[in-house]
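Results of the structural survey
Listed below are the residues making up each chain.
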Amino acid sequence: MAVAEPYIAPATPPARRGRPAILRAHGRLDVAAASLLVLVTLIALLAPVLAPHNPIQPVGLPMQSPGSGGFLLGTDSIGRDILSRVLFGWRSSWFAALAVIASGLLIGGLIGLVAGTLGGVADTVLMRITDGFLALPAPVVAIAVVAALGGGFVHTLIAVAVVWWPFYARIVRGEIRLLAARPHVEAARLAGAGRLRIAVRHLLPGAVPAAVITASLDVGNLVLTLAALSFLGLGQPQPAPELGADTAHNLTYLLQQWWIPVMPGIAVMVLALAANIAGDGVRNLLGDR
Amino acid sequence: MIQLIAKRLAAAAVIVLALTAVMFFLQKISPVDPVHAMLGPSASPAAIVAEQKRLGLDRPFLAQYGSYLNGLLHGNLGMSYRTRRPVSTDLGSFLPATAELSVYALIFALILAVILALGSTLRWPGSSVFRLLLIAGASAPAFLLGIVGILIFYSKLGWLPATGRTSVLNPPTGPTGFLTIDGLLHGEPSVTFDAFRHLLMPALAVAAIPAVSIGRVLRSSLIGQMRADYVRTARAKGLTERQVVLGHVLRNSVNAALSMTGLQVGLMFSGVVVIEEIFGWPGIGQYMAQSIPAADFPAISGVTLLLGAGYVAVNTIVDILQAIADPRINA
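Residues numbered from 1 in each chain as written. Chains lettered and ligands numbered in written order. Predicted model: local features only at pLDDT ≥ 70, side-chain atom pairs only at ≥ 80, totals over all residues. Heavy atoms only, no water.

**Considering the overall build of chain A**
Test applied: In this text, helices come from DSSP runs of H or I with a minimum length of four residues, and strands from runs of E with a minimum of two, each type numbered from the N-terminal end. The contact rule is simple, with two residues in contact once any of their heavy atoms fall within 4.5 Å. In short, Shrake-Rupley with a 1.4 Å probe defines the accessible areas, and a residue's cover is counted only from the protein chains shown. All tallies of charge rest on Lys and Arg as positive and Asp and Glu as negative; His and the ends of each chain are not included. Think of each charge as sitting on NZ of Lys, CZ of Arg, CG of Asp or CD of Glu.
Secondary structure assignment for chain A yields 12 helices and 0 strands. The secondary structure elements of chain A, listed N-terminal to C-terminal, are α-α-α-α-α-α-α-α-α-α-α-α. Dimensions of chain A, computed from the C-alpha atoms along their principal axes, are close to 75 × 50 × 30 Å. Counted over contacts in chain A with a minimum sequence separation of 6, partners at least 24 positions apart contribute 72%. Surface exposure of chain A reaches about 12,600 Å², of which carbon and sulfur atoms provide 69%. Here chain A holds 19 positive side-chain charges and 13 negative ones, and the gap between their average locations is 12 Å.

Here it is, written out as structure tokens:
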């Protein structure tokens, strides 16, 4: 379930200011925020290069506190480097979140496009199904879906993808309905363009900004949801580095070696924070036009 | 208004029915065979056939769904593979703890949301600090808040307990199942105080993210409303800024925040599952968390149905509340 505030295009667009968004002072700030997305992705891509050690093999004394023995974030209960595990966990969390967002955009976008373009009975049926999904607590249903499919990382991604598209279907459908009433669509129809051509060439492009903005505001939520599922054991099996699971498995060390369970949790927070700030930036840049 | 309530209740019933169909379907595609899960791997073929017949697995698909629904109506959610007890019995014993935690978390979330929204909207030196809190709070996973809370308030300061609902050996039982209320009803305020101390950390950890989301929505509608004409009128007739905000603007801003509250309850439930596991809270969340590694589908589906129904109920109430806050809504 996406619970980011949906981006609703303003009814009357704000008066165009003189220079393009990128060159304005606060626009530059937004560009910096949005480029956090690139930075986060770079860290995820380069995790194997950035990680100083193998994340799965013990490489030092167990339970070293952060900074000691050359381990920036310390070592865990069997002497694995926490920094390396966090970097690899970052990588899998981020790519998992992107994969689910992409599938949500794709499935939801397709359903929203079909419903919005066809209208009538198809619209009613598709939107009733969408509303049914929206009326259920998505993270909890996702847990049940994984439990039924039988655990594993891919099953978790499928389960979350199953509950994550309805929000996008709503957004895209709403945009399409607004656009369908615009003169350029009528012009295309009079010019003899077919339904498919109108949908793909004249309606879909207009719905992209709202969908992209909603998605970028939503990535942070998804990172948190996936981390919670991983915490509950619904991620990759041990010993794979996973941010949520690494916290859950090391809770017993909390009172003595706090850094072992806390560091992966902080990594989740930093990842979600970067995603949220970047999402705000993307909204300001795209929504301002 | 009565028409609206009837409509909303009917819609809620349809959604809960759809949820039961989803759960039934998931049970069917699950690779865990209920017969083998109950009888174990060394059961004789005759015993397997007998168990299949007893569970009705030899009957047609729709007939099975019919008897599944019939069972649900009579409170039969199947047997847990893990505890070997009826799921409904398990849920009955764990539900009060979760209900109490969720209700307090929701109350805390609403209070925090109003504080965050007002703190970051009104013009005063601390407002940028509040805005920072809004962004950071939206990004902290519930489990991190939980364990950092334990480190600070239990381990370091020793102010709050870290596990369980109560440290009283024989807490009063019933009538509400809420220890904070039952303690008062039985004339034992110490029980209430102790239960509240246990509640504080887990409830706040669950409440944080919903509070921020609700607070953000409330903040943006507050900002929108502050520009409205009636605010200028109220100021012009000499009301203080406080009277304007609390007496006029807040009520008009509450609608979007209510929708968000309804939505956030779904996310809050997943937080409850995680937080109960961390704090050893004896509720259905911990029950679910422990059922996951055991692949105990009847238990998981029972919790999902219960939380799903709770979510639908909350959102139905939200719809009705919105109509009360804004009488223009009536369809």
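So much for the structure itself; the text now carries on.
**Notes on the overall build of chain B**
What counts is decided by this rule: Partly exposed residues are those whose accessible area sits between 20% and 50% of the maximum for their type, while under 20% is buried and over 50% is exposed, using a 1.4 Å probe and protein chains only.
Scanning chain B from terminus to terminus reveals 13 helices and 0 strands. N-terminal to C-terminal, the α/β element order of chain B is α-α-α-α-α-α-α-α-α-α-α-α-α. C-alpha extents for chain B along the principal axes are approximately 85 × 55 × 40 Å. Residue burial in chain B is summarised as follows: out of 331 residues, 47% are buried.

**Some thoughts on the pattern of salt bridges**
Close approach of charged atoms allows side chains with opposite charge to pair. Residue and element names in this part refer to chain A. Quick note on the threshold: Whenever a carboxyl oxygen of Asp or Glu lies within 4 Å of a side-chain nitrogen of Lys or Arg, that contact is scored as a salt bridge.
This model, assessed by the stated rule, comprises 12 salt bridges over all chains. The salt bridge involving Asp 131 is made with Arg 170; its shortest N-O contact spans 3.0 Å. With Asp 131 in helix H5 (residues 120–134) and Arg 170 in helix H8 (residues 166–180), the pair connects residues that are 39 residues apart, well separated along the chain. The class for Arg 170 is partly exposed, based on a relative accessible area of 31%.

**A word on the packing of helix H10 (residues 229–236) of chain B against helix H11 (residues 241–279) of chain B**
All names here are of chain B. Selection criterion: All axes here are fitted lines through C-alpha atoms, helices being fitted over the stretch that makes contact, and every angle between N-to-C directions spans 0 to 180 degrees. If an angle is under 35 degrees, it is roughly parallel; if it is over 145, roughly antiparallel; if it lies from 65 to 115, roughly perpendicular; otherwise it is oblique. Take the far helix as the reference: if the near one is turned anticlockwise from it by less than a right angle, the crossing is left-handed, and if turned clockwise, right-handed.
In the contact formed by H10 and H11, the axes pass within 10 Å of each other and the chain directions differ by 155°. The angle between the axes of H10 and H11 places the two elements in the roughly antiparallel class. Crossing hand, H10 versus H11: right-handed. Here Tyr 230, Val 231, Ala 234 and Arg 235 of H10 come into contact with H11, specifically with Glu 241, Val 244, His 248, Val 249 and Asn 252.

**What to know about the nonpolar core**
Cut-off, in case you're wondering: Residues belong to a common nonpolar core when they are buried Ala, Val, Leu, Ile, Met, Phe, Trp, Tyr or Cys residues joined through side-chain atoms within 4.5 Å. Boundaries of every domain are those given by an automatic assignment or by a domain database.
Counting 107 residues, the largest nonpolar core has Trp 94, Ile 143, Val 160, Leu 222, Val 223 and Leu 232 of chain A together with Ile 278 of chain B as the members making the most contacts within it. Split by domain, this core shows at least three residues from each of two domains, domain 1 (2–73) and domain 2 (94–325) of chain B. Ile 143 of chain A has contacts with Leu 229, Leu 232 and Leu 234 of chain A together with Met 288, Ile 292 and Ile 300 of chain B, leaving out every residue within four places of it along the chain. Counting 16 residues, the second largest nonpolar core, distinct from the first, contains Ala 117, Ile 214, Leu 218 and Val 245 of chain B.

**Brief notes about the confidence of the model for chain B**
The predicted coordinates should not be examined in detail at positions where pLDDT is low. Test applied: A residue's pLDDT is the predictor's confidence in that residue, given on a scale from 0 to 100.
When pLDDT is averaged along chain B, the result is 85; 99% of the residues meet or exceed 70. Interface predicted TM-score (ipTM) for the complex: 0.84; the corresponding pTM is 0.86.

**A short note on the interface of chain B and chain A**
Cut-off, in case you're wondering: The quantity reported as buried area is the accessible area (1.4 Å probe) lost by two parts once they are put together, taken as the sum for both. Polar contacts, as counted here, are pairs of nitrogen or oxygen atoms within 3.5 Å of one another; within protein the pair requires one atom able to donate a hydrogen and one able to accept it, and residues that are adjacent in sequence qualify only if both atoms are side-chain atoms. The residue classification treats Ala, Val, Leu, Ile, Met, Phe, Trp, Tyr, Cys and Pro as nonpolar and Asp, Glu, Lys and Arg as charged. All others, Gly included, are polar.
Chain B puts 44 residues into the contact, and the matching count from chain A is 40 residues. Interface of chain B and chain A: buried area, both sides summed, is about 3,700 Å²; carbon and sulfur atoms make up 82% of it. The salt bridge involving Asp 280 of chain A is made with Arg 216 of chain B; its shortest N-O contact spans 3.6 Å. In this assembly, chain B and chain A are joined by 2 residue pairs in polar contact (both at pLDDT 80 or more). The greatest single-element share of the side of chain B that touches chain A, amounting to 11 residues, is contributed by H11 of chain B. Across the side of chain B that touches chain A, the residue classes tally to 34 nonpolar, 8 polar and 2 charged.

**Considering unusual backbone geometry**
Residues and elements named next belong to chain B. Look at Arg 84: it is not a glycine, yet its phi comes out positive at around 60°. Within the secondary structure, Arg 84 sits in the loop between helix H4 (61–73) and helix H5 (87–121). The phi torsion at Ala 295 lies on the positive side, around 50°, for a residue other than glycine. Relative to the helices and strands, Ala 295 is located in the loop between helix H12 (284–291) and helix H13 (297–325).

**A short note on the packing of aromatic side chains**
Our working definition: Two rings belonging to Phe, Tyr or Trp (six-membered ring only in the last case) form a pair when the distance between their centres is within 6.5 Å. Interplanar angles under 30 degrees mark stacking, angles over 60 mark edge-to-face geometry, and anything in between is tilted.
One pass over the structure, following the stated rule, counts 12 aromatic pairs over all chains. Seen in terms of ring centroids, Trp 258 of chain A and Trp 259 of chain A are 6.0 Å apart; in terms of plane orientation they differ by 85°. Their pairing is edge-to-face. Centroid distance Phe 24 of chain B to Tyr 65 of chain B: 5.2 Å. Interplanar angle 55°. Geometry classified as tilted. Here Phe 24 of chain B, found in helix H1 (residues 2–29), pairs with Tyr 65 of chain B, found in helix H4; they are 41 residues apart in sequence, far enough to count as distant. Neither residue differs from the other here; Phe 24 of chain B and Tyr 65 of chain B are each classed as buried.

**Focus on the side chain of Ser 221 of chain B**
Residues and elements named next belong to chain B. Note on placement: Ser 221 falls in helix H9 (residues 189–226). Take Ser 221: its relative accessible area is 17%, and that puts it in the buried class. With near-sequence residues (within four places) excluded, Ser 221 lies in contact with Ser 253 and Ala 256.

**Describing helix H6 (residues 127–137) of chain B**
All names here are of chain B. Going by this rule: Arc, as used here, means the arc of the directions from the helix axis to the C-beta atoms.
Considered for burial, the residues of H6 that qualify are Ser 127, Phe 130, Leu 134 and Gly 137. Considered in projection along H6, the buried side chains sweep an arc of 90° and stay on one side of the axis. Structural note: H6 exposes Val 129 and Leu 132 on the side pointing more than 90 degrees away from its buried face. Elements that come into contact with the buried residues of H6 comprise H5 and H9.

**Remarks on a nonpolar patch on the surface**
Residue and element names in this part refer to chain A. Where we set the bar: A residue counts toward a patch only above 30% relative accessible area and without a salt bridge, and it is joined to like-charged neighbours within 9 Å or, for Val, Leu, Ile, Met, Phe, Trp and Tyr, to nonpolar neighbours within 5 Å.
Taken together, the side chains of Val 38, Leu 42, Leu 45, Leu 46, Val 49, Leu 50, Phe 95 and Leu 98 present a nonpolar region at the surface, about 700 Å² in accessible area. Every element with two or more residues in the nonpolar patch is listed here: helix H2 (36–45), helix H3 (47–50) and helix H4 (82–118). The element contributing the most residues to the nonpolar patch is H2, with 3 residues.

**Comments concerning H4 of chain A**
Note the following rule: Multiply 1.5 Å by the residue count of a helix minus one, and that product is the helix's expected span.
Given a rise of 1.5 Å per residue, 37 residues ought to cover 54 Å, and the 53 Å separating the end C-alpha atoms of H4 of chain A matches this to within 8%. Phi turns positive one or two residues past the end of H4 of chain A, at Gly 119 of chain A, with a value near 65°.

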